[in-house]
Amino acid sequence: MDKLIDLRSDTVTVPTEKMRKAMYKAEVGDDVYRDDPTMLRLERLAAQTMGKEDALFIPSGTMGNQLAIMTHTQRGEEIITEAEAHIFYYEVGALGFLAGVQAKQLKGHMGALNPDEVEAAIRMEDLHFPRTALICEENTHNRAGGTVVPLDTMEAVYRVAHEHDIPVHLDGARIFNAATALGVEAKDVAQWADSVMFCVSKGLCAPVGSLLTGSKAFIDKARKIRKMLGGGMRQSGVLAAAAIVAITDMPQRLYEDHENARILAQGLAEIKGINVDLDTVQTNMINFDITDTGLNGNQLAEIIRPYGIKIAGSPNGKMRFVTHYYVTRDDVYRVLAVMKELIEEPV
Ligand SMILES: Cc1ncc(COP(=O)(O)O)c(CN[C@H](C(=O)O)[C@H](C)O)c1O
């Protein structure tokens, strides 16, 4: 059976052999009592990696983002997000349902908020107005194509926020991809946010989890809200062990995913009917459009599947391919050969 090439997302990655061994041998305890030594080690490592005081393990990035919002805000307040931020676009309306806040959405440029527009969007004191309680950024930015927000932009937004005593939360699901593309450490990106959520379950290949990082006071409050949501976990050191391997071993190889994405994007751009904006291919994602091929994403997903290639379908021509640890350079060449055959020489 040919190997399955799965380009749907970097969320499909499975734990490495080293992670599985670490999980098996993990020293565990009841983390609600703070007795799990492996979880304590992970949270110290995560905080140190982001240059923050403390960290909290959560089972998903969505929970980490929403926990941050619930911790930073009060019901009835307003947060500022980019127009297609994951926090707004893909988190099932949790902003309103869980945190009871509303979003002021600003259209970014390749996912980056404009600091002047952020400042203009901050509410002044007025009987009619909700208070602006939080500014949320996303780096890399998923729906913009895994694009990287420049550090000077993040710094400018951070300074505007702090001039108005407003905290900044970074959805850093792929912060290590951003740091790799920028040639800096993750903490150099994280410094321009008060709280940072990052995922170990995506490009870093851990089976489960994300870390929310921030000040000790912030994390103490977030830990209590996590417990309220039923997120207090017992012997979670089994998961923490894999996350420690993920943070320690995997960021340094992300450049390979970026190189593979670049090669894949350039190859796709040469196929008749496929439109790719190569400027947006900056990390491990490729957003492209197949409308001019006469196919939509769902049709392509169906005809490509028998070739051992899994892609996310779509009702229109808008497509996303994501590279990761389990997509090799040879897999990239095979995908290009199959795409060329299916699109340029349809039967
Ligand atoms: C920027 C960002 N922030 C948060 C999350 C949520 O992470 P999880 O809740 O899936 O762990 C994601 C997941 N992104 C997933 C994907 O890309 O396939 C889907 C869209 O939810 C994300 O891309």
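Residues numbered from 1 in each chain as written. Predicted model: local features only at pLDDT ≥ 70, side-chain atom pairs only at ≥ 80, totals over all residues. Heavy atoms only, no water.

Student: Even after reading the chapter, I still don't get the overall build of the protein, so can you show me in this structure?
Tutor: When helices and strands are counted, the protein shows 14 helices and twelve strands. By the compact-globule yardstick of 20 Å for 347 residues, the protein fits well, its C-alpha radius of gyration being 21 Å. By the burial criterion, 56% of the 347 residues in the protein qualify as buried. Put simply, 74% of the contacts in the protein that link residues at least 6 apart link residues at least 24 apart. Summed over its atoms, the accessible surface of the protein is roughly 15300 Å², and 52% of this surface lies on carbon and sulfur atoms. In the protein, 37 positive and 48 negative side-chain charges are present, and the distance between their average locations comes to 6 Å. (Helix = DSSP H or I, 4+ residues; strand = E, 2+ residues; numbered from the N terminus. Rg over C-alpha atoms; globule rule 2.2 N^0.38 Å. Buried < 20%, exposed > 50% of the residue type's maximum accessible area, 1.4 Å probe, protein only. Contact = heavy atoms within 4.5 Å. Areas by Shrake-Rupley, 256 points an atom, 1.4 Å probe, with all protein chains shown as cover. Lys, Arg positive; Asp, Glu negative; His and termini not counted. Charge placed at Lys NZ, Arg CZ, Asp CG, Glu CD.)

Student: Which parts of the structure should I look at to understand the pattern of salt bridges?
Tutor: Side chains that differ in charge, positive against negative, can pair when their charged atoms come close. On inspection of all chains with the given rule, the structure shows 20 salt bridges. Residue D31 is joined to R34 by a salt bridge in which the shortest nitrogen-to-oxygen separation is 2.7 Å. Note that D257 is salt-bridged to R253, the shortest N-O span being 2.6 Å. For R253, a relative accessible area of 9% puts it in the buried group. Look at the salt bridges and you will find they share partners, linking D31, R34, E43, R223 and R226 into a network. (Salt bridge = Lys/Arg side-chain N within 4 Å of Asp/Glu carboxyl O.)

Student: It is not clear to me how the side chain of R174 should be interpreted in this structure. Could you clarify?
Tutor: Tracing the chain through its elements places R174 in the loop between β6 (168-172) and α8 (175-182). With sequence-adjacent residues up to four places away left out, R174 is seen in contact with S9, D10, N139, T140, N142, K202, N284 and M285.

Student: What's the story with the site of the ligand in this structure? I'm lost.
Tutor: As a structural note, the neighbourhood of the ligand is formed by 15 residues, with T62, H86, N142, D171 and R174 the closest of them. A distance of 2.9 Å separates an oxygen atom of the ligand from a polar backbone atom of G61. Protein burial of the ligand: of its 510 Å² of free accessible surface, 82% is covered by the chains. Applying the majority rule of atoms within 2 Å of the grid points places the ligand in the largest pocket. Taken together, the residues that form the shell around the ligand break down as two nonpolar, seven polar and six charged. (Near = heavy atom within 4 Å. Polar contact = N/O pair within 3.5 Å; in protein donor to acceptor, adjacent residues only side chain to side chain. 1 Å grid on protein atoms, 1.4 Å probe; cavity = no way out; pocket = protein on both sides within 12 Å on 5 of 7 lines; lining within 4 Å. Sits in = over half its atoms within 2 Å of the grid points. Nonpolar A, V, L, I, M, F, W, Y, C, P; charged D, E, K, R; others polar.)

Student: Just to check I follow, could you spell out empty space enclosed by the protein for this structure?
Tutor: Unoccupied space between atoms shows up once a probe the size of one water molecule is rolled over them. The final tally for this structure, using the stated rule, is two cavities of 30 Å³ or more. If you add up the space inside the largest cavity, you get close to 40 Å³. Lining the largest cavity, in full, are A173, R174, I175, F176, N177, C199, K202, G203 and L204. Per-element accounting of the lining of the largest cavity gives the leading share, three residues, to α8. Considered class by class, the residues forming the lining of the largest cavity number five nonpolar, two polar and two charged. Volume-wise, the second largest cavity comes out at about 30 Å³. Taken together, E82, A85, I87, C136, E137, E138, H141 and D171 make up the full set of residues lining the second largest cavity. The greatest single-element share of the lining of the second largest cavity, amounting to three residues, is contributed by strand β5 (residues 132-138). Each residue belonging to the lining of the second largest cavity can be placed in one class, and the counts come to three nonpolar, one polar and four charged. (Points joined across faces, edges and corners; volume = space filled by probe spheres on them.)

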